[in-house]
Structures are given as C-alpha cells and as structure tokens.
Amino acid sequence: MERFVEGNRAALQDHVRRHREVHVVMGNEACDLDSTVSALALAHFLAKTSPAPKAAFIPVLNIPRADFALRTETTFLLREQGIPAAALIFRDEIDLGGLHRAGLLSLTLVDHHVLPGADAALEEAVVEVLDHRPLERDRAPGCQVTAEPVGSCATLVTERIAQGPPGVLDRPTAALLHGTILLDCVNLSPAAGKVTPRDVACVSLLEARFPELPARDAVFEALQAAKFDVSGLTTEQMLRKDLKVLSGDELLLAVSAIYVDLETFLRRPGLLQDLDAFCQARGYAGLVAMMISFNEHNEPSRQLAVYSRRETLQSAPPRSLPCRCAGRWRRRRRRPCSSSPSRAPGPAWAPTPRATLWHRGRRSCPSCGQPWGGRALPGGRRRRWSRRPPR
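This is a predicted model, so every value here is computed, not measured. (Residues numbered from 1 in each chain as written. Predicted model: local features only at pLDDT ≥ 70, side-chain atom pairs only at ≥ 80, totals over all residues. Heavy atoms only, no water.)

(A) Fine view of the sheet that holds strand β3 (residues 105-110). Overall, parallel pairing links the five strands, which are arranged β2-β1-β3-β4-β5 in an open sheet. A single partner strand is all that each edge strand has here, and the edge strands are β2 (56-60) and β5 (144-147). The average angle at which neighbouring strand axes cross in this sheet is 15°, direction not considered. Note that strand β1 (residues 22-26) and β3 share five bridges and pair parallel. Each residue of the ladder has a partner; that of Val 22, found in β3, is Leu 105. (Pairing = 2+ DSSP bridges. Helix = DSSP H or I, 4+ residues; strand = E, 2+ residues; numbered from the N terminus. Axes fitted to C-alpha atoms, helices over the stretch in contact; angles between N-to-C directions.)

As structure tokens, then:
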C-alpha cells in the first residue's frame, strides 16, 4: 500500500502527459475515515488486479489538502500504517473536470453515490458505485452498482478484496480496513445499532488472515481518542473541525464544538486575536465555542465561550441558543476556580470586553442526545442550522 500511494502522483502525471486513462476512486465530501480508507483500499486492489491495466488507478481524497489535518482519526491511522500524507492526492490537486473534458476520466464512487451539483458534469464518467446507503437514484446501465446496508463502506471493500486473487491484501491495507470497520460500527457493539453480521464477518476475516492485528478494544479506543484529539491543531483549525452556522436576517453566528475543557482553550496564546480573525474573515457576527470534556468516569461536561464585537451577542444567555435539553446554563465568574489547586490564576481568566463565559452542568446535550434547533437569533427570524464545510 505504501509504495502504491507514493507512486500515485507520478502515475497521474505520466498518464496525463501520455493522454492515457485516469481511473479515480473517490469518497464523499465529508472525507471521513470510511471514505478515505475505502478509496485507498479499492484503488490499490484495482491497480493490483486489473488485467494489463492501461489506466492509472488514483485514490482522491474529496477535500482540499488544507482540511486534512481536521480529520484527526484519519491522519492518526494513516500515520500508524506508514502512509505518508505528502503522497496523498486531494481534490484541489487534480483537475477532474479537465480530465473528463479530455476524455481521460473514469470515476468510481465509494461511500456515496450522488455527486453534488457542482460536479454534475462528471456523472457521465462514473463507471462504478460502492456504497452502504440506500440508492437515491438509478445509475446508467453501464455503471456497476453495489449498494448494501452494512455498517461501513469498508466492509464492502473488504468483501470485494476477499473475492480477488490471494496475496493482494497486505497487512497495512488490512489494518486500515480493520480499524475503519471497528470505528464505524462502534467496536461491533449491537447496542449502537450500526453493526451487521457482514461487518462482524469482515473483521473476523481480517483478523484470521493477519493474527498480529491489535485487539479490537485497543484499536477502537485509540481511534476514538484520536477523533477528539485537537492538541495538534491551531485555533483556526479547532474552530473549523466541527463547525455549524446559524443564519438570521442580519447576521451569521458560528458554533464550534471543541473537545477540550474551557480553561485549556482560554489559555491558548493569542486566542482573542485568533477568534477575531476567524470571525472577520468569514463575516460571522459572533462565535460560540462549545467545549466538551469528560471526567474520569467518562461523563461529559459542557461549557461555552461566547465571542463577539456586538454587545447584544455577548450578553445573550445560552438559553437563546438552540438546545432543547433541560439543563440550566449559568454565567461563570471571570476568576480562577479555587476548588482545585491545579487551576491557578492566569491571564486567560482576565475579563475582556468581547468574551463571555458560560458553564452547563451534567444535563447536557451529549448526555440527553437531543437535537439542536429552534428559537430566534438577536435581530433575526427563526434560526436555521446549516453545516458548512470548512473553509
């Protein structure tokens, strides 16, 4: 797998220069671990098994390279398996439209089956679909479609590889597929409602072929920890990792979920300047940084920092935010907490004219699982949640 990935860029350039077919395998725009691993593993398999291949099989990650650091569980697993990020090809590094217009593009979709409107012209190039969701539309007669209700698209890729010639599946690919299925299917827990017998069978198959694979619990816990690990991100990346936007008549309000405690976040160097630059660059009237942390019993606690140049947003209590939970928010005093000697006074707790701190008790959204939605923004009509891709 590592050698295949490292050779992709040269193969792409060579085929474009020689005017030869480029077969792209691409996941969805979320580019989560399932999409990434499914694209890499299937492209590798096709390159190994296609008879006398004239095409270059190129896995493409369907995000700009600048956003890859936000997929922390993906960067972790690829790094663990020796797949260099520098060798990966991202959506902003390949001209799919130009390849299609030149008659060179064949396209396989994994972990989705409908291209967004901006890519509608590429529909003609789709030759295969591999997805684990119900089909929303029919494909052209010449397109091979596999749409099966399993917990992970990586399960379908594993089944495909298992049906191929022996020896094609190597250990790094097996480890990538193994970890992805475990994460997608919540460590194969029936209580989560995602796993199917086929997911379990594929995990067992991978473990049988490669007995040295780490234990399931260890793999799942490591990926879960990596998924919420933002320690290596800049403030701007932390805010973009899980970003939603509330839109009203007169303003946009950003809401970012960040998996650190409030004290740690507030002590980041240059925080206020970073928050101001983030809002100014995107036209946000304010930002709600929603901190989620867990205690030693894995119980969630949620805190808020509201940042804005507008006094109306600074003083608006979090009950005007769209949470339907029964928990009550209270304003946090801007002074260090004396209940713990580890929370020493520091400049992060100094009052500022643009930030207001709030704290929620244990009855929080992660506990109750209730959706967000609801009331009016200051100066606007009923708010609407919309997820915006990182910019």
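(B) Examining the environment of Pro 134 more closely. If you trace the backbone, Pro 134 turns up in the loop between β4 (126-131) and β5. Relative accessible area serves as the criterion here: at 68%, Pro 134 is assigned to the exposed category. Separated by 14 residues in the primary sequence, Pro 134 and Glu 148 place their C-alpha atoms 7.4 Å from one another. (Buried < 20%, exposed > 50% of the residue type's maximum accessible area, 1.4 Å probe, protein only.)

(C) Looking closely at the nonpolar core. By size, the foremost hydrophobic cluster in this structure holds 52 residues, and its most contacted members are Val 5, Leu 42, Leu 88, Leu 177 and Ile 181. Among the secondary structure elements, those contributing two or more residues to this core are α1 (2-6), α3 (33-49), α4 (72-80), α6 (153-162), α7 (171-184), α8 (197-209) and α9 (216-227). For this core, the leading source of residues is α3, giving nine residues. Those residues in contact with Leu 42 that lie beyond four places of it in its chain are Val 25, Thr 108, Val 110, Leu 130, Val 157 and Arg 160. Formed by 22 residues, the second largest nonpolar core is a distinct cluster that contains Val 230, Ile 258, Ala 289 and Met 291. (Core = buried A, V, L, I, M, F, W, Y, C linked by side-chain atoms within 4.5 Å. Contact = heavy atoms within 4.5 Å.)

(D) Quick look at the packing of aromatic side chains. Taken as a whole and assessed by the stated rule, the structure comprises three aromatic pairs. Ring centres of Phe 228 and Tyr 259 lie 4.4 Å apart, and the angle between their planes is 40°; on these two criteria the pair is classed as tilted. Residue Phe 228 is located in the loop between α9 and α10 (235-241), and its partner Tyr 259 is located in the loop between β7 (252-258) and α11 (262-266); the two are separated by 31 residues in the primary sequence. By relative accessible area, Phe 228 is classed as partly exposed at 30%. On the numbers, 5.8 Å between centres and 50° between planes, the contact of Phe 278 with Tyr 284 is tilted. On the basis of relative accessibility, which here comes to 2%, the residue Phe 278 falls in the buried class. Overall, Tyr 284 belongs to the buried group, its relative accessible area being 6%. (Phe/Tyr/Trp six-rings, centres within 6.5 Å; stacked < 30°, edge-to-face > 60°.)

(E) Seen up close, α6. Of all the 10 residues making up α6, eight are buried; the element is thus mostly covered by neighbouring parts of the structure. Every buried residue of α6 is accounted for by Cys 153, Ala 154, Thr 155, Leu 156, Val 157, Thr 158, Arg 160 and Ile 161. Packing partners of the buried residues in α6 comprise α3, β3, β4, β5, α7 and α8. The N-cap residue of α6 is Ser 152: its side-chain oxygen and the backbone nitrogen of Ala 154 are 3.1 Å apart. (Polar contact = N/O pair within 3.5 Å; in protein donor to acceptor, adjacent residues only side chain to side chain.)

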